[in-house]
Amino acid sequence: MSAEAVFVRTWTVGGGDFPYQAVLTAYRRWGKALVPDGLLDALCEARSQATGTLLSFLDVLLDKRDGTYDYRSYLALPLLTPHFPDRDTLTVLLVADLMRFELAACDDPAGPLPVMPPDDALVQKRLRHGLRVIRPALDRLGWAMPDTDARTVWEMVDSKMSDDQRLMLRCSILPVDVVHDEYLFIRVLQTFETSFAALVRDLESAAGALTAGNAAAAEEALHHAAALLREVSPMWSVVATMRVEAFRRFRQWTEGASAIQSRHYKLMESLARRPDPARLGSAAYENVPEVQALVMTGLPSVDEAYGTARLTLAEHAAVGAAMADFAASVDAWRRTHYRLATRMLGNDTGGTGYTNGTSYLAQAREIPVFK
Ligand code: HEM
């Protein structure tokens, strides 16, 4: 039996502190897809004693064994969800940790996930784009520093983190393989998810404000959503630095985990405008049955609320312009995603969500955000 399986069994029998570090080190050594059965058995036994965050962590660790592996478990979303309401802090934590990992690979290329380490120039590029994403959030949090560089940002973030945040950050990165760039891929997806969750809150308040006849609040929420989506967009430049060969290598283990399963993305889409019946009945929504059910039972959308709100002409125009601003930010997001996906997939047109991949995205890209 491996040392980490022994640590886990000792915890199951005797309690005390769960051996997080030993388990995480083991997962990084093999990649989630190839963790040996002995450790998986020990983790299954431990689960019967676990509650709270530890239980969520074990569920995420055991997703491949349980047959529950999907986008949510790949990104460890159950561990991130409690932190979503504080979008700026979570964004800074995720990106700062990504930059820390890149810097660590420069210092020690044989460290965790040693396959295809990046060279210095590539790391510098990643750090530059990462810093662009978090600068506005650092300002709003009052954490901005003169001469912000990635290393000092990480040191500052590290000194401010609560125990809860530290545990979430350590446990929420569980690559399926041992390729360096998968770390980046996971953190990029998680950062976008964090912003989608914030956009959902904005669209909910925009729809609510319109229903209450408060045009100014709706306008503000829509511009805020558009600004946030643009602010996080340099993450596309980060993920575009992923080496295609690295992506294709770990992708062999990610079948079944696709962002088509992102609840926040589909909630965002349907809070903007009720999806047409064909889309609602397609794989796009079959992959998010909770959202599909919500829409079917009548999720209030901004589009509908705008159509029925009693607004002055000036208010009508101002809210219309804010809607156009949000729609433009979503269209730009979709176009960039499509370009990246076609480059990464090449001739391999299928998606990990079992769609016809890039042609699915080409169609989805044309869907109007509002009527
Ligand atoms: C290497 C990079 C990427 C590739 C090759 C890629 C590819 C794809 C493909 C083929 C789909 C169609 C569904 C499927 O069968 O899987 C899809 C959907 C989607 N992807 Fe990506 N993707 C990439 C990066 C990202 C990133 C970084 C995000 C950010 C969250 C993202 C978000 C989404 C969303 C939200 C959908 C669902 C779109 C819809 O249903 O209309 N993707 N992606």
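As the structure is a prediction and not an experimental result, all values here were calculated from the model.

Conventions we followed
- Residues numbered from 1 in each chain as written.
- Predicted model: local features only at pLDDT ≥ 70, side-chain atom pairs only at ≥ 80, totals over all residues.
- Heavy atoms only, no water.
- Helix = DSSP H or I, 4+ residues; strand = E, 2+ residues; numbered from the N terminus.
- Rg over C-alpha atoms; globule rule 2.2 N^0.38 Å.
- Contact = heavy atoms within 4.5 Å.
- Areas by Shrake-Rupley, 256 points an atom, 1.4 Å probe, with all protein chains shown as cover.
- Near = heavy atom within 4 Å.
- Polar contact = N/O pair within 3.5 Å; in protein donor to acceptor, adjacent residues only side chain to side chain.
- Nonpolar A, V, L, I, M, F, W, Y, C, P; charged D, E, K, R; others polar.
- Donors = N, O, S within 2.8 Å, 3.2 Å for Na, K, Ca; no water.
- Salt bridge = Lys/Arg side-chain N within 4 Å of Asp/Glu carboxyl O.
- Buried < 20%, exposed > 50% of the residue type's maximum accessible area, 1.4 Å probe, protein only.
- Phe/Tyr/Trp six-rings, centres within 6.5 Å; stacked < 30°, edge-to-face > 60°.
- Lys NZ or Arg CZ within 6 Å of the ring centre and 35° of its normal.
- Expected span 1.5 Å × (residues − 1).
- Axes fitted to C-alpha atoms, helices over the stretch in contact; angles between N-to-C directions.
- Parallel < 35°, antiparallel > 145°, perpendicular 65-115°, else oblique.
- Left-handed = near helix turned anticlockwise from the far one by under 90°.

Colleague: Please set out the overall build of the chain residue by residue, giving values where relevant.
Modeller: A tally of regular secondary structure across the chain gives 22 helices and 0 strands. Taking 371 residues into account, the globule formula puts the C-alpha radius of gyration at 21 Å, and the chain, at 21 Å, falls close to it. A fraction of 75% describes how many contacts in the chain between residues 6 or more apart in sequence connect residues 24 or more apart. Counting only carbon and sulfur atoms, one obtains 55% of the accessible surface of the chain, whose full area is about 15,800 Å².

Colleague: Tell me about the site of the ligand, residues and numbers included.
Modeller: In the vicinity of the ligand, 30 residues are found, and the nearest of them are Ser258, Arg279, His337, Thr355 and Tyr360. Between the ligand and the protein, one listed contact pairs an oxygen atom with a side-chain N or O atom of Lys266 at 2.9 Å. Contact distances for the ligand include 2.5 Å between an oxygen atom and a side-chain N or O atom of Tyr360. If you list the elements that add at least two residues to the shell around the ligand, you get α12 (180-211), α16 (263-272), α21 (313-345) and α22 (358-364). Of the residues forming the shell around the ligand, the biggest block, 6 residues, is contributed by α21. Residue composition of the shell around the ligand, by class: 21 nonpolar, 7 polar and 2 charged.

Colleague: Account for the coordination of the iron atom of the ligand, with residues named and values stated.
Modeller: Counting protein donors to the iron atom of the ligand gives just one, His337 (NE2), placed at 2.1 Å. Looking at where His337 falls in the secondary structure, it is placed in helix α21.

Colleague: Provide a residue-level description of the environment of Phe196, including the pertinent values.
Modeller: Among the structural elements, Phe196 can be located in helix α12. It is 24 Å that separates the C-alpha atoms of Phe196 and Ala318, two residues lying 122 residues apart in sequence. Non-local contacts of Phe196, meaning those with residues more than four positions away in its chain, are made with Leu229, Ser262, His264, Tyr265, Met268 and Trp333.

Colleague: Can you explain the pattern of salt bridges? Please cite residues and give values.
Modeller: The tally for this structure, following the rule as stated, stands at 26 salt bridges. We note a salt bridge from Asp37 to Arg65, for which the minimum N-O separation is 3.8 Å. Placement of Asp37 in helix α3 (residues 37-47) and of Arg65 in helix α5 (residues 63-66) is noted, with a sequence separation of 28 residues between them. One salt bridge connects Arg365 with Glu366, and the closest N-O pair in it is separated by 3.8 Å. Residue Arg365 is classed as partly exposed on the basis of its relative accessible area, which comes to 27%. Under the relative-accessibility criterion, Glu366 is labelled exposed at 56%. The structure contains a network of salt bridges with shared partners spanning Arg87, Asp88, Arg140 and Glu231.

Colleague: How would you explain the packing of aromatic side chains if you had to name every residue and give the values?
Modeller: Evaluation of the coordinates by the stated rule reveals 16 aromatic pairs. Aromatic side chains Phe247 and Phe250 sit 5.6 Å apart centroid to centroid with 85° between the ring planes, which places their arrangement in the edge-to-face category. In this pair, Phe247 and Phe250 are both assigned in helix α15 (residues 244-251), 3 residues apart and thus about one turn of the helix distant. Judged by its relative accessible area of 0%, Phe250 falls in the buried class. Every member of this aromatic cluster is reached through a ring pair, and the members are Phe192, Phe196, Trp236, Tyr265 and Trp333. We note Lys64 situated over the ring of Tyr69; from NZ or CZ to the ring centre the distance is 3.8 Å.

Colleague: Give me α12: which residues, what numbers.
Modeller: Side chains that are three or four residues apart share a direction in an α-helix, a result of its 3.6 residues per turn. Here α12 is 32 residues long and its end C-alpha atoms lie 48 Å apart, about the 46 Å a rise of 1.5 Å per residue gives. Within α12, 27 of the 32 residues are buried, which leaves it mostly tucked inside the rest of the structure. Downstream of α12 by one or two residues, Gly213 has phi in the positive range, about 80°.

Colleague: Break down unusual backbone geometry for me, with residues and values.
Modeller: A positive phi angle is found at Ala76, which is not glycine, with a value near 55°. If you trace the backbone, Ala76 turns up in the loop between α6 (71-74) and α7 (77-80). Notably, Leu113 is not glycine yet its phi reads approximately 50°, a positive angle. Within the secondary structure, Leu113 is located in the loop between α8 (87-107) and α9 (120-141).

Colleague: Residues and numbers for the packing of α9 against helix α10 (residues 150-160), please.
Modeller: In contact at an axis separation of 11 Å, α9 and α10 are set at 45° when each is read in the N-to-C sense. Judged by the angle between their axes, α9 and α10 are oblique. Between α9 and α10 the crossing geometry is left-handed. Counting all contacts with α9, which are made through Leu127, Leu131, Ile134 and Leu138, the residues of α10 involved are Ala150, Val153 and Met156.

Colleague: Account for α8, naming residues and giving values.
Modeller: Look at α8: 30 Å from first C-alpha to last across 21 residues, which is about the 30 Å you get at 1.5 Å a residue. Here α8 lies mainly inside the structure; 17 of its 21 residues are buried.

Colleague: Please set out the side chain of Thr89 residue by residue, giving values where relevant.
Modeller: Topologically, Thr89 is positioned in helix α8. For Thr89, a relative accessible area of 6% gives the class buried. Among the polar contacts listed, one links the side chain of Thr89 to the side chain of Asp86, at a separation of 2.7 Å. Beyond its immediate sequence surroundings of up to four residues, Thr89 is in contact with Leu141, Trp143 and Gln165.

Don't take any of this as a statement about function, it's just geometry.
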